[in-house]
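What follows is each chain in one-letter form.
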Amino acid sequence: AQTVTQSQPEMSVQEAETVTLSCTYDTSENNYYLFWYKQPPSRQMILVIRQEAYKQQNATENRFSVNFQKAAKSFSLKISDSQLGDTAMYFCAFMNLTSGTYKYIFGTGTRLKVLA
Amino acid sequence: NAGVTQTPKFRVLKTGQSMTLLCAQDMNHEYMYWYRQDPGMGLRLIHYSVGEGTTAKGEVPDGYNVSRLKKQNFLLGLESAAPSQTSVYFCASTSRLAGEKETQYFGPGTRLLVL
């Protein structure tokens with residue numbers, strides 16, 4: 001069974017600084033997606049970034065980038081130039097493409113606080 | 001487009017009462033999912049549907065039932081609510097069409113308190 005582990009329950013960062021959130025996963029599959037979702041105090045889940053496992057190049061979306069290490073089964077999120085609006089819970093998620101069900105498995109989340 | 005909507009936004013139940021949570025999406029998505037979110041647990045899949053008329057169990061299905069009679073709606077039922085079902089419930093949907101980037105679209109959540 002696949003698992004997703006986020007070992008940092010809480011983190012804080014100064015505004016304009018860079019922070020990295022960690023995520024590791026366990027799977028025997030080779031064809032999958034990985035995601036980072038943001039959940040601000042409004043509770044709305046917002047996709048931050050996705051990574052296809054077959055792509056070696058790390059995904060980037062503006063100030064957000066990932067470090068995808070497939071062999072190590074690691075998928076960290078880097079937030080550059082942190083802004084107050086980045087304060088949120090961040091969830092790492094895994095989806096196995098070969099199962100045909102497209103179910104997501106979520107980590108337990110990291111609560112990020114950006115300090116002014 | 002409204003995207004994914006959930007009704008109600010908040011509800012208080014007494015132990016043993018029943019209720020139905022409604023999820024609706026206007027994106028013509030085939031796949032729909034119900035999750036529950038509890039502190040320190042992340043989101044856990046309750047039930048899901050891969051198309052109209054189909055449902056399947058997720059990670060934590062006990063105490064819940066679902067129905068997908070129409071493609072755009074996915075209903076989550078609690079027949080006899082228990083305090084352990086106090087949680088925030090999220091619905092999500094995805095299209096899985098070739099050429100589209102994989103994304104689950106989430107509703108705003110329903111907060112349920114069972115006394």
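Novice: Give me the environment of Val50(B): which residues, what numbers.
Specialist: Tracing the sequence through the fold places Val50(B) in the loop between strand S5 (42–49) and strand S6 (56–57). Remark: the alpha-carbon pair of Val50(B) and Arg68(B), spanning 18 residues in sequence, is separated by 9.5 Å.

Novice: Break down the pattern of salt bridges for me, citing the residues and quoting the values.
Specialist: Pairing is possible between side chains that carry opposite charge, provided their charged atoms lie close to one another. All names here are of chain B. Taken as a whole and assessed by the stated rule, the structure comprises 6 salt bridges over all chains. With a shortest N-O distance of 2.9 Å, aspartate 38 and arginine 36 are connected by a salt bridge. Its relative accessible area of 11% is what places aspartate 38 among the buried residues. Judged by relative accessible area, arginine 36 falls into the buried class, the value being 8%. One network of salt bridges, with partners in common, ties together Arg36, Asp38 and Arg44.

Novice: If you had to explain the interface of chain B and chain A to someone new, which residues and values would you point to?
Specialist: The figure often quoted for interface size is the accessible area lost as the parts come together. Between chain B and chain A, the residue contacts involve 23 residues of the former and 20 residues of the latter. Summed over both sides, the interface between chain B and chain A buries roughly 1,900 Å², with carbon and sulfur atoms accounting for 54% of that surface. The largest per-residue losses of area from chain B upon contact with chain A belong to Leu43(B), Glu102(B) and Phe106(B), which jointly make up 27% of the total buried on that side. The interface formed by chain B and chain A holds 0 salt bridges in total. Inspection of the chain B/chain A interface yields 7 residue pairs in polar contact (both at pLDDT 80 or more). Looking at the side of chain B that touches chain A, the elements that each hand over two or more residues are strand S4 (31–38), S5 and strand S9 (87–94) of chain B.

Definitions and limits used
- Residues numbered from 1 in each chain as written.
- Chains lettered and ligands numbered in written order.
- Predicted model: local features only at pLDDT ≥ 70, side-chain atom pairs only at ≥ 80, totals over all residues.
- Heavy atoms only, no water.
- Helix = DSSP H or I, 4+ residues; strand = E, 2+ residues; numbered from the N terminus.
- Salt bridge = Lys/Arg side-chain N within 4 Å of Asp/Glu carboxyl O.
- Buried < 20%, exposed > 50% of the residue type's maximum accessible area, 1.4 Å probe, protein only.
- Contact = heavy atoms within 4.5 Å.
- Buried area = accessible area lost by both parts, 1.4 Å probe.
- Polar contact = N/O pair within 3.5 Å; in protein donor to acceptor, adjacent residues only side chain to side chain.

In short, shape yes, function no, at least from these values alone.
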